[in-house]
Amino acid sequence: MATFLYRLGRLSFRRRRVFVALWIALLAATGVAAATLSEPVDNSFRIPGTESQRAIDQLTEKFPEAAAGGATARIVFAAPDGRTLTDPQVKNAVSDVVAELRRAPQVAHVVDPYAAGAVNPTGTVGYAQVSYQVQFGDMTDAARDALRHAAAHGRDTGLTVEVGGDAVQDPAQTGATEVIGVGVAALVLLVTFGSLAAAGLPLLTAIIGIGIGIAGITALTAVVDVSSNATALALMIGLAVAIDYALFIVSRYQHELAAGRDLGEAAGRAVGTAGSAVVFAGLTVIISLAGLSVVGIPFLTQMGLAAAGTVAIAVLIALTLLPALLGIAGRRVLGRRARDPEAGSAPNRPTVGLRWARLVTRRPVTALLAAVVGLGVIAIPASDLRLALPDDGVAGPQTTQRKAYDLLSAGFGPGFNGPLLAVVDTTGSADAQATARQVADMIAGMPNVAAVSPAAVNAAGDTALLQVIPASGPTDEATSGLVTALRGRDLGTEVAVTGHTALQKDVSDRLTGALPPYLLLVIGLAVLLLTLVFRSVLVPVKATLGFLLTVAATFGAVVAVFQWGWLAEVVGVDQVGPTPSVIPIFLVGIVFGLAMDYQVFLVTRMREEYVHGAPAGQAVVNGFQHGARVVTAAAVIMMAVFVGFVPSHDMFIKTMGFALAVGVLIDALVVRMTIVPATMTLLGRAAWWLPGWLNRLLPAVDVEGDQLHHRLNPATTDASNEREPELTRA
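Residues numbered from 1 in each chain as written. Predicted model: local features only at pLDDT ≥ 70, side-chain atom pairs only at ≥ 80, totals over all residues. Heavy atoms only, no water.

Peer 1: Help me get a handle on the overall build of the protein chain, residues and values and all.
Peer 2: Within the protein chain one finds 25 helices and 11 strands. The C-alpha radius of gyration of the protein chain comes to 30 Å, within 12% of the 27 Å expected for a compact globule of 730 residues. For the protein chain, the C-alpha atoms occupy an extent of roughly 95 × 50 × 45 Å along the three principal directions. Within the protein chain, contacts between residues at least 6 apart in sequence are counted, and of these 79% link residues at least 24 apart. By element, 61% of the accessible surface of the protein chain is carried by carbon and sulfur atoms, the whole surface being about 29300 Å². For the protein chain, the distance from the average position of its 50 positive side-chain charges to the average position of its 54 negative side-chain charges is 15 Å. (Helix = DSSP H or I, 4+ residues; strand = E, 2+ residues; numbered from the N terminus. Rg over C-alpha atoms; globule rule 2.2 N^0.38 Å. Contact = heavy atoms within 4.5 Å. Areas by Shrake-Rupley, 256 points an atom, 1.4 Å probe, with all protein chains shown as cover. Lys, Arg positive; Asp, Glu negative; His and termini not counted. Charge placed at Lys NZ, Arg CZ, Asp CG, Glu CD.)

Structure, rendered in structure tokens:
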């Protein structure tokens, strides 16, 4: 591996103009493809194989006028003080708003509150239901403006008018905060390298890689469905890892130049050694992201594959384009002091990383216990983790969505914000309306049912739709229990149940069932890769246990902020509530991949020191000294990129950005910087133990560059050559 990458690095360095031209051509080609082939992204939320999805598909096929798959808006009216919605003047004002909505673009139909009986008994609150022909992401600006204008028109007459539903949401957009994250990354790179050229190269390669990745994803919308959040996740993950991978190689390039290598040789050695770590670090991230396909939820698969593809591009760019750009930059990647010997040399003082490594390795048990106990305390709130699909109840108190939600709860009861839809199969029934009415009566008599709407029957008379209003709120356990009861009850005909809470239940069940095989796949393959990289049994096990600590503490931080409200104002959380259901499996996969990044970056250098002759304990200190600065810089950069997504109005993106930033902070600065050197010191030579039979079975990938070292330095004899067979035979 190291020898092959060494040759690739030297080739890219020598043929720098060719490689730069090829990547620029690819960027241009994908840009043109994106501009000419792109189609609207997929905003659907499908869970194949579940009853909720079966009900939605049935409505789409047999009851298209219900617009089950389209965007919805719920216009909530509240009468002025001292008046009711049944007063003639007030009723006329409401009817005018309804009429205006019916004329609005992309509207499928509007349910009049008076015709549907959607006015509460006191006459103070009512609502109109608006269904659109398209999903919310496909709504035009004209359709959104018409919805807002109709609500404003109602307010002008003295009514209180608020709007809920997904039609009110604005599509997620990349804002200035992400740019701020890149700015922080640039500052960290400049401080780390001491050179504008060296700081600029990781940013330049990251921008090119992200440009190709995002353009490629956009072009693929012409042939496959792509989730609306796929681009955001690909941008988030791709940008962070692209900068980090380039950072690692440039740092090694500077080290090789400082050792007296010529430019081409330094580039080859940097790609051969640091590039090997990049390959395997990238593979772990790709496996964890692509592994989301096993969940069986299309939008998760789309997001995971899109982000995995962007990471793969980042790895290829780091191995080929970066050494070419290093050839163009020449010695300018070194700081001024390193380029100009007359500037004098810095005092030979121990670095912060070296002092920390010595402190941890002198007291490994104390350091290990302190880190584990500290993470355990942070993880305590995770025991209160609650999952749900986001709804208007978690919107900010000042938003129209939240005001509409509160008005409905006060006027009708909490269940009106999470109605269940019962799709009744009336095929073969002599009187579809009578059959549906009979089903409605049975449902109305069940516990926790507040009301059942009159049945709506399709034109063919083979499908009826009932709206079931629970007595409890959308996220209450009692409402989930009602879904189970409805699905388990014999109602005399086939009835499929869907709706917000039903979808939430189906998502939770699907994710719960998929998590064990997902973890088995991702962690199993990653452990195999790490065993291959480090020629060790204990190092991969230790890395996995450290990851579990990271995940537990990260979940604790998410619960503390997003559910308990700690530091909510700082993070920009307007309303605390349950964590989005898909966050845990995303977080587990992505944090695992990123954690293994730092594991590979840090421990590879320790392994390299060991096989080149350093005693086990000294190899930990030496490897940490070389790797700590780069890993710390990489972690700060990743955190800056992820924090840039926290101000997003999309609750999924906000929560994911926060969780990843915290996960990186914990894993890089606590697990890898404290737990790893402490445990490696305690294990000593046993850390590198590998059974002889497994050593013979595994291919030699030479990630640490041992074979490359002997090939380039044939006169060098390493003491490690005597020690390594002894360990592998143990």
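Peer 1: Can you break down the pattern of salt bridges residue by residue, with the values?
Peer 2: According to the stated counting rule, one finds 15 salt bridges in the structure shown. Among the salt bridges present, the one from aspartate 509 reaches lysine 505, with a minimum N-O distance of 3.8 Å. Placement of both aspartate 509 and lysine 505 in helix α17 (residues 500-534) is noted, with a separation of 4 residues, approximately one turn of the helix. Looking at aspartate 509, the relative accessible area reads 45%, which means it is partly exposed. Overlapping salt bridges bring together Arg252, Glu256, Arg261, Arg605 and Glu608 as one network. (Salt bridge = Lys/Arg side-chain N within 4 Å of Asp/Glu carboxyl O. Buried < 20%, exposed > 50% of the residue type's maximum accessible area, 1.4 Å probe, protein only.)

Peer 1: Lay out unusual backbone geometry in plain terms, naming residues and giving numbers.
Peer 2: Of note, the phi angle at asparagine 448 is positive, near 70 degrees, even though the residue is not glycine. Position of asparagine 448 among the secondary structure elements: in the loop between α15 (432-444) and β7 (449-452). By relative accessible area, asparagine 448 is classed as partly exposed at 25%. If you check the backbone angles, leucine 567 has positive phi at about 55 degrees while not being a glycine.

Peer 1: If you had to explain empty space enclosed by the protein to someone new, which residues and values would you point to?
Peer 2: Counted by the stated rule, this structure contains 4 cavities of 30 Å³ or more. As a volume, the largest cavity reaches approximately 70 Å³. Around the largest cavity, the lining residues are Pro390, Val394, Phe562, Val573, Gln575, Val576, Gly577, Pro578, Thr579, Pro580, Met651 and Thr655. Taken together, the residues of the lining of the largest cavity sort by class into 8 nonpolar, 4 polar and no charged. Computed from the structure, the second largest cavity encloses a volume of approximately 40 Å³. For the lining of the second largest cavity, the secondary-structure elements that each account for two or more residues are α8 (230-258), α9 (263-290) and α20 (583-611). Among the elements that line the lining of the second largest cavity, the one with the most residues is α20, at 4 residues. In terms of residue class, the lining of the second largest cavity is built from 4 nonpolar, 2 polar and 3 charged. (1 Å grid on protein atoms, 1.4 Å probe; cavity = no way out; pocket = protein on both sides within 12 Å on 5 of 7 lines; lining within 4 Å. Points joined across faces, edges and corners; volume = space filled by probe spheres on them. Nonpolar A, V, L, I, M, F, W, Y, C, P; charged D, E, K, R; others polar.)

Peer 1: Give me the packing of helix α2 (residues 16-37) against helix α10 (residues 298-329): which residues, what numbers.
Peer 2: Across the interface, α2 lies against α10 with an axial gap of 8 Å and an inter-helix angle of 135 degrees. What the angle tells us is that α2 and α10 run oblique. Seen from above, α2 lies across α10 with left-handed handedness. Residue-level contacts link Arg16, Phe19, Val20 and Trp23 of α2 to Ile313, Leu316, Ile317, Thr320, Leu321, Ala324, Leu325, Gly327 and Ile328 of α10. Counted by class, the contact of α2 with α10 contains 10 nonpolar, 2 polar and 1 charged residues. (Axes fitted to C-alpha atoms, helices over the stretch in contact; angles between N-to-C directions. Parallel < 35°, antiparallel > 145°, perpendicular 65-115°, else oblique. Left-handed = near helix turned anticlockwise from the far one by under 90°.)

Peer 1: So what's going on with helix α5 (residues 141-156)? Which residues, and what values?
Peer 2: In a regular helix each residue adds 1.5 Å, so 16 residues correspond to 22 Å; α5 covers 22 Å between its end C-alpha atoms and thus fits that length. If you check which residues of α5 are buried, you get Ala143, Arg144, Ala146, Leu147, Ala150, Ala151 and Gly154. Mapping the buried residues of α5 onto a view down its axis gives an arc of 160 degrees, with all of them on the same face. Pointing more than 90 degrees away from the buried face of α5 are the exposed residues Asp141 and Asp156. Against β1 (72-78), α4 (88-102), β3 (125-132) and β4 (160-164) lie the buried residues of α5. (Expected span 1.5 Å × (residues − 1). Arc of directions from axis to C-beta.)

Peer 1: Describe the pairing of β1, listing the residues and the values that go with them.
Peer 2: Judged by how many residues are buried, β1 sits mostly within the fold: 6 of 7 residues are covered. By the bridge criterion, 7 bridges tie β1 to β3 in an arrangement that is antiparallel. Bridge pairing in β3 places alanine 78 opposite valine 125. Looking at chain direction, β1 and β4 are connected through 5 bridges and run antiparallel. (Pairing = 2+ DSSP bridges.)

Peer 1: Any details on the nonpolar core? Residues and values, ideally.
Peer 2: One finds Ile237, Tyr245, Phe586 and Phe642 to be the most contacted residues of the largest nonpolar core, which totals 170 residues. No other element matches α8, which puts 20 residues into this core. Leaving out residues up to four positions away in the same chain, isoleucine 237 has contacts with Val285, Leu289, Val311, Ile590, Phe642 and Leu660. With 30 residues, the next largest nonpolar core counts Val130, Tyr132, Ala146 and Val163 among its residues. (Core = buried A, V, L, I, M, F, W, Y, C linked by side-chain atoms within 4.5 Å.)

Peer 1: Could you give an account of a nonpolar patch on the surface, with specific residues and numbers?
Peer 2: The grouping of Val294, Leu521, Leu525 and Leu528 at the surface amounts to a nonpolar patch, some 310 Å² of accessible area in total. Mapped onto the secondary structure, valine 294 falls in the loop between α9 and α10. (Patch = residues over 30% accessible without salt bridge, like charges linked within 9 Å, V, L, I, M, F, W, Y side chains within 5 Å.)

Peer 1: An account of the environment of alanine 410 is requested, with residue identities and associated values reported.
Peer 2: Note that alanine 410 resides in helix α14 (residues 400-412). You can call alanine 410 exposed: its relative accessible area is 70%. Residues alanine 410 and asparagine 120, spaced 290 residues apart in sequence, show a C-alpha to C-alpha distance of 9.9 Å.

Peer 1: Hey, could you go over the packing of aromatic side chains for me, with residue numbers and the actual values?
Peer 2: For the structure on display, the rule yields 10 aromatic pairs. With centroids separated by 6.2 Å and ring planes inclined at 90 degrees, the aromatic side chains of tyrosine 245 and phenylalanine 601 adopt a geometry described as edge-to-face. Within this pair, whereas tyrosine 245 is found in helix α8, its partner phenylalanine 601 is found in helix α20, the two being separated by 356 residues in sequence. By relative accessible area, phenylalanine 601 is classed as buried at 2%. Judged by centre distance (4.2 Å) and plane angle (20 degrees), the ring pair of phenylalanine 248 and phenylalanine 601 falls under stacked. Separated by 353 residues along the polypeptide, phenylalanine 248 in helix α8 and phenylalanine 601 in helix α20 bring together distant segments of the chain. When its relative accessible area of 12% is taken as the criterion, phenylalanine 248 is described as buried. An aromatic cluster is built from Tyr127, Phe412 and Phe416, whose rings are joined through pairwise contacts. Over the ring of phenylalanine 13 we find arginine 16; its NZ or CZ atom is 4.6 Å from the centre of that ring. The ring of tyrosine 114 has lysine 91 lying over it, and the distance from NZ or CZ to the ring centre is 5.0 Å. (Phe/Tyr/Trp six-rings, centres within 6.5 Å; stacked < 30°, edge-to-face > 60°. Lys NZ or Arg CZ within 6 Å of the ring centre and 35° of its normal.)

Function cannot be inferred from these measures alone, as they are strictly geometric.
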